[in-house]
Amino acid sequence: MAPATTVKFSIPSEIRLVDLVHETSQRMAEIIGFGEEAALDVALAVREAVINAIRHGNQLDPSRSVDLLLKANGKGLTVRVRDQGEGFDPGSTADPTAGDNRLRSSGRGLLLIRAFVDEVKFRKLEGR
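Please read all numbers here as calculations on a predicted model, not as lab measurements.

Trainee: Looking at this structure, how should I read the sheet that holds strand β1 (residues 5–12)?
Mentor: Within a sheet, adjacent strands bond to each other through the backbone by hydrogen bonds, running parallel or antiparallel. Taken in spatial order, the three strands of this open sheet run β1-β2-β3, and their pairing is antiparallel. Of all strands in the sheet, those bounded by a partner on one side alone are β1 and β3 (77–82). The mean angle between the axes of side-by-side strands here comes to 10 degrees, regardless of whether they run parallel or antiparallel.

Okay, structure coming up:
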């Protein structure tokens, strides 16, 4: 694994920038030694997190930003995605595998994120 490396950047809440986030996170994972499949998993998880931050957190408001931190520490990669929204309770989201939810065209982001990475945490900052 490569030495400690940190990449930080901020994007306006515009869906057109999601590919940039995807490519950056995939490339970062590759640089620190992840195989092709694992790097793609990271990129897909980050992509879904950023889409959720833009759509649900920032309500597609381009004046609000999504901040990203990708930090390699020699043991793995930590990614932080932060929006400027009100926050949410991940336990109260609908199960995308249940009943009619399976037919919906959205609602699978958290399921995909959890499927592609080892650990997912959510944190609501006070006053935000």
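Read on, since the account is not over.
Trainee: Mind showing me how you'd approach the nonpolar core here?
Mentor: Membership of the largest hydrophobic core comes to 20 residues, with the highest contact counts inside it found for Ile11, Val21, Val50, Val66, Leu68 and Leu77. Elements supplying a minimum of two residues to this core: β1, α1 (18–31), α2 (36–57) and β2 (65–72). The element that contributes the greatest number of residues to this core is α2, accounting for seven residues. Apart from the residues within four sequence positions on either side, Val21 is in contact with Phe9, Ile11, Val46, Val50 and Leu68.

Trainee: Looking at this structure, I do not really get unusual backbone geometry. What am I missing?
Mentor: Most peptide bonds adopt trans geometry, and most residues besides glycine take a negative phi value. Here the phi dihedral of Gln59 falls at roughly 55 degrees; this positive angle occurs in a residue that is not glycine. By the secondary structure assignment, Gln59 is in the loop between α2 and β2. For Gln59, a relative accessible area of 56% puts it in the exposed group.

Trainee: Hey, could you run me through the side chain of His22 in this one?
Mentor: Residue position: His22 is located in helix α1. Engagement of the side chain of His22 in a polar contact is seen with the side chain of Arg47, the distance being 3.4 Å.

Trainee: Quick question: what am I supposed to make of helix α3 (residues 109–116) here?
Mentor: For an α-helix, the turn length of 3.6 residues means that residues three or four places apart are oriented alike. The set of residues buried in α3 consists of Gly109, Leu110 and Ile113. Viewed along the axis of α3, the buried residues span an arc of 95 degrees, placing them on a single side of the element. Looking at the buried positions of α3, the neighbouring elements they touch are α2.

Trainee: What am I meant to see in the packing of α2 against α3 here?
Mentor: How two helices sit against one another is set out by the angle between their axes and by the gap between those axes. In contact at an axis separation of 8 Å, α2 and α3 are set at 155 degrees when each is read in the N-to-C sense. Considering the angle they form, α2 stands roughly antiparallel to α3. For the pair α2 and α3, the sense of crossing is left-handed. Across the interface between the two elements, Asp41, Leu44, Ala45, Glu48, Ala49 and Asn52 from α2 touch Gly109, Leu110, Leu112, Ile113 and Phe116 from α3. Partitioning the contact of α2 with α3 into residue classes produces seven nonpolar, two polar and two charged.

Definitions and limits used
Residues numbered from 1 in each chain as written. Predicted model: local features only at pLDDT ≥ 70, side-chain atom pairs only at ≥ 80, totals over all residues. Heavy atoms only, no water. Pairing = 2+ DSSP bridges. Helix = DSSP H or I, 4+ residues; strand = E, 2+ residues; numbered from the N terminus. Axes fitted to C-alpha atoms, helices over the stretch in contact; angles between N-to-C directions. Core = buried A, V, L, I, M, F, W, Y, C linked by side-chain atoms within 4.5 Å. Buried < 20%, exposed > 50% of the residue type's maximum accessible area, 1.4 Å probe, protein only. Contact = heavy atoms within 4.5 Å. Polar contact = N/O pair within 3.5 Å; in protein donor to acceptor, adjacent residues only side chain to side chain. Arc of directions from axis to C-beta. Parallel < 35°, antiparallel > 145°, perpendicular 65-115°, else oblique. Left-handed = near helix turned anticlockwise from the far one by under 90°. Nonpolar A, V, L, I, M, F, W, Y, C, P; charged D, E, K, R; others polar.

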